[in-house]
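Listed below are the residues making up each chain.
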Amino acid sequence: MRIGELSERTDTSRRLLRYYEEQQLIVSTRSPNGYREYDERFVDRVMQIRGLLDAGLPTRIIKQILPCLDKPRTIHFPDATPEMLATLTLERDRMTERINCLIRNRDSVAEYLDAVSGGLADGARPDAVMAGSRADLKSA
């Protein structure tokens with residue numbers, strides 16, 4: 001696929017995709033007319049890169065983590081210093097905290113939707129269900 005399609009499918013700018021390529025996070029081949037061509041697997045790879053960047057990891061560490069995402073795995077860390085390992089441990093723990101928070105929020109939203117949709121099954125309007133819920137809270 002060309003860079004435009006990869007950009008569209010991952011909601012990532014072409015400029016950012018070229019940067020990922022510069023940083024050797026993704027690779028392309030060149031068609032005879034010079035256009036970049038990307039393998040289908042880079043859709044997931046770009047999404048993973050974006051997630052790792054959002055988690056605060058720099059591209060130099062992401063580059064080292066990427067082999068863990070591929071199969072067969074060939075992991076080689078020539079500069080895995082104690083400081084880098086400590087950084088990764090902190091980032092992993094921070095991600096775990098964010099995941100746990102997201103799970104709690106997702107579960108709360110699901111409970112809310114279950115409660116609201118339960119009232120809708122009886123033909124009630126959403127605003128009537130909410131008004132009833134507020135009235136129940138005030139009388140409690």
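These notes cover the structure that comes with them. (Residues numbered from 1 in each chain as written. Predicted model: local features only at pLDDT ≥ 70, side-chain atom pairs only at ≥ 80, totals over all residues. Heavy atoms only, no water.)

1. Quick notes on the environment of serine 7
We apply this condition: Counting from the N terminus, the helices are DSSP H or I runs at least four residues long and the strands are E runs at least two residues long. Whether two residues touch is decided by their heavy atoms; if any such pair falls within 4.5 Å, the residues are in contact.
Looking at the secondary structure, you find serine 7 in helix H1 (residues 3–10). It is 8.9 Å that separates the C-alpha atoms of serine 7 and valine 43, two residues lying 36 residues apart in sequence. Beyond its immediate chain neighbours, meaning those up to four positions away, serine 7 contacts Thr12, Ser13, Arg14 and Leu17.

2. Things to note about the environment of glutamate 5
What counts is decided by this rule: The buried label goes to any residue with under 20% of its type's maximum accessible area, the exposed label to any with over 50%, and the partly exposed label to all in between, with areas taken from a 1.4 Å probe on protein chains only.
Following the sequence through the fold, glutamate 5 ends up in helix H1. Exposure remark for glutamate 5: the relative accessible area of 40% places this residue in the partly exposed category. When the C-alpha atoms of glutamate 5 and glutamate 37 are compared, they prove to be 9.8 Å apart, with 32 residues separating the residues in sequence.

3. Overview of helix H3 (residues 42–54)
We apply this condition: Given a helix with a known number of residues, its expected span is that number minus one, times 1.5 Å.
With 13 residues, H3 extends 18 Å between its outermost C-alpha atoms, agreeing within 8% with the 18 Å of an ideal straight helix rising 1.5 Å per residue. Among all positions in H3, only Phe42, Val43, Arg45, Val46, Ile49 and Leu52 are buried.

4. A word on the nonpolar core
The condition is simple: In this description, a nonpolar core means a group of buried Ala, Val, Leu, Ile, Met, Phe, Trp, Tyr and Cys residues linked to one another through side-chain atoms lying within 4.5 Å.
Of all hydrophobic cores here, the largest spans 19 residues; its most connected members are Leu6, Leu17, Tyr20, Ile26, Tyr38, Ile49 and Ile62. Broken down by secondary-structure element, the contributors of at least two residues to this core are H1, helix H2 (14–22), H3 and helix H4 (59–65). Once you skip the residues sitting within four places of it in the chain, leucine 6 turns out to touch Met1, Leu17, Ile26, Tyr38, Phe42, Val43 and Val46.

5. Things to note about the side chain of glutamate 21
Within the secondary structure, glutamate 21 is located in helix H2. Filtering out sequence-adjacent residues up to four positions away, glutamate 21 remains in contact with Ile26, Val27, Ser28, Arg36 and Tyr38.

6. Considering unusual backbone geometry
The backbone of aspartate 11 shows a phi angle near 55°, a positive value even though the residue is not glycine. Assignment of secondary structure puts aspartate 11 in the loop between H1 and H2. The exposure class of aspartate 11 is exposed, given its relative accessible area of 64%. Positive phi values are uncommon outside glycine, yet glutamine 24 reaches one of about 65°. Tracing the backbone through its elements, the reader meets glutamine 24 in the loop between H2 and strand S1 (29–30).

7. Looking at a nonpolar patch on the surface
To keep things clear, this is the line we draw: For patch detection, residues must exceed 30% relative accessible area and be free of salt bridges, and they are connected within 9 Å for like charges or within 5 Å for nonpolar side chains (Val, Leu, Ile, Met, Phe, Trp, Tyr). Using a 1.4 Å probe, the Shrake-Rupley method yields the accessible areas, and only the shown protein chains count as cover for residues. Here, a salt bridge means any side-chain nitrogen of Lys or Arg that lies within 4 Å of a carboxyl oxygen of Asp or Glu.
Taken together, Val109, Tyr112 and Leu113 make up a surface patch of nonpolar side chains, about 300 Å² in accessible area. Counting through the fold element by element, tyrosine 112 comes out in helix H5 (residues 82–120). According to the relative accessible area criterion, tyrosine 112 is partly exposed, its value standing at 43%.

8. Notes on the pattern of salt bridges
In the structure shown here, the tally under the stated rule is eight salt bridges. Two residues, arginine 41 and aspartate 39, come together in a salt bridge whose shortest N-O distance is 3.8 Å. Owing to a relative accessible area of 42%, aspartate 39 belongs among the partly exposed residues under this scheme. One salt-bridge network, held together by shared partners, links Glu5, Arg9 and Glu40.

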